[in-house]
Amino acid sequence: MTGLRYVYAVCRPFRSALQTQLTGVAGVPPKMLTHHGLIAVVGTVPEADFAEEPLRAHLEDLDWLAETARAHQGVIDVLTAVTTPLPLRLATVFQDDSGVRVMMEAHEDLFRRTLERLEGRVEWGVKAYAEARPAEPARPAARPATGRDYLRQRRRQTVAGEEAGRQAEEFAGRLHATLSRFAEDARLHPPQNARLSGASGRNVLNAAYLVPRALSEEFVELVDRTKDEASGVRVELTGPWAAYSFTGFTGTGGESP
């Protein structure tokens, strides 16, 4: 193969063949590279886009980055359906197959321990949002007669908003405790910035849960049973994903071609 090697993930050998119609980054179907009983799932990408200098420029291009991330995630999703992958960081690139093998050998013990710990498990993401409530009651309030009346009205609205926020945070804490008791492991991530995520409402829970694949249906049912226990809170469930939050491994940036 000519071109640079883009590495998606490392995993144990698996019986299922990769889908023949699957394409990855740069529109190239991924292949499997075996080394010491482990598999690196790799693709070939052009130096014109993935050598050090052009890649640095591309990573500032949000459209290019989004397209590449979708292609990367598409391969990870297929792998997650048939095995337990250890995803590497987006745009992990090496000069050739030898470079990939050197990386695998350098991290071999860590890869094996992590894959053993995560075998047969997937990650589910749960987010909860405190949705904005109408500032005014259904029946319009009387127009303030004085400035003092106006300030009192605004104060009541502020107190009501603060109380709703407190209730949403308490619900998020209870939900996280319930899901954590079911899951094998859990991670709390920082709240998402609404301006970046585009999601409505204030993010009061952003968590990941490590769940045995065989118990995923029960986990989803648990979320469904508990998500409506508080009014004014929207709960979103995503997954199953590869166990990104539980690898204990940030990935490798590859080498400079």
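Everything that follows concerns the structure shown earlier in this document.
Residues numbered from 1 in each chain as written. Predicted model: local features only at pLDDT ≥ 70, side-chain atom pairs only at ≥ 80, totals over all residues. Heavy atoms only, no water.

(A) The sheet that holds strand S6 (residues 121–130), seen in detail. Here we have 4 strands laid out as an open sheet, ordered S7-S8-S6-S9, and antiparallel in their pairing. The sheet is open, and its two edges are formed by strand S7 (185–188) and strand S9 (233–241), each paired on a single side. Here the average twist between neighbouring strands, direction ignored, is 20 degrees. Alignment of S6 against strand S8 (residues 202–212), held across 10 bridges, turns out to be antiparallel. Opposite Val126, over in S8, you have Ala207 as the bridge partner. In the packing of helix H8 (residues 216–226) onto the sheet, the strands contacted are S6, S8 and S9, and the crossing angle to S6 comes to about 10 degrees. (Pairing = 2+ DSSP bridges. Helix = DSSP H or I, 4+ residues; strand = E, 2+ residues; numbered from the N terminus. Axes fitted to C-alpha atoms, helices over the stretch in contact; angles between N-to-C directions. Contact = heavy atoms within 4.5 Å.)

(B) Quick peek at helix H4 (residues 97–106). Among the residues of H4, Gly99, Val100, Met103 and Met104 are the ones counted as buried. Buried residues of H4, viewed axially, fall in a sector of 140 degrees; they line one side. Facing away from the buried side of H4 by over 90 degrees, the exposed positions are Val102 and Ala106. Measuring from the side-chain oxygen of the N-cap residue of H4 to the backbone nitrogen of Ser98 gives 3.2 Å; that N-cap residue is Asp96. (Buried < 20%, exposed > 50% of the residue type's maximum accessible area, 1.4 Å probe, protein only. Arc of directions from axis to C-beta. Polar contact = N/O pair within 3.5 Å; in protein donor to acceptor, adjacent residues only side chain to side chain.)

(C) Quick peek at the nonpolar core. By size, the foremost hydrophobic cluster in this structure holds 23 residues, and its most contacted members are Tyr6, Tyr8, Val25, Val41, Phe50 and Leu79. Element by element, the count of residues in this core is highest for helix H3 (residues 62–82), at 6 residues. Not counting the four nearest positions on each side in its chain, Leu79 is found in contact with Ala9, Phe14, Leu18, Val41 and Pro85. Counting residues in hydrophobic clusters, the runner-up holds 22 residues, among them Ala183, Val204, Phe219 and Ala230. (Core = buried A, V, L, I, M, F, W, Y, C linked by side-chain atoms within 4.5 Å.)

(D) Molecular detail of the side chain of Ser245. Mapped onto the fold, Ser245 is located in the segment after S9. Under the relative-accessibility criterion, Ser245 is labelled buried at 19%. Reaching out from Ser245, the side chain makes a polar contact with the side chain of His189 at a distance of 3.0 Å. If we skip the residues at most four places from it in the chain, Ser245 touches Glu123, Arg187, His189 and Ala208.

(E) Representation of the environment of Val126. Relative to the elements of secondary structure, Val126 occurs in strand S6. C-alpha separation for the pair Val126 and Thr238, spaced 112 residues apart in sequence, amounts to 6.5 Å. When residues no more than four places from it in sequence are discounted, the contact partners of Val126 are Leu175, Leu179, Leu205, Asn206, Ala207, Tyr209, Phe219, Val223, Val235, Glu236 and Leu237.

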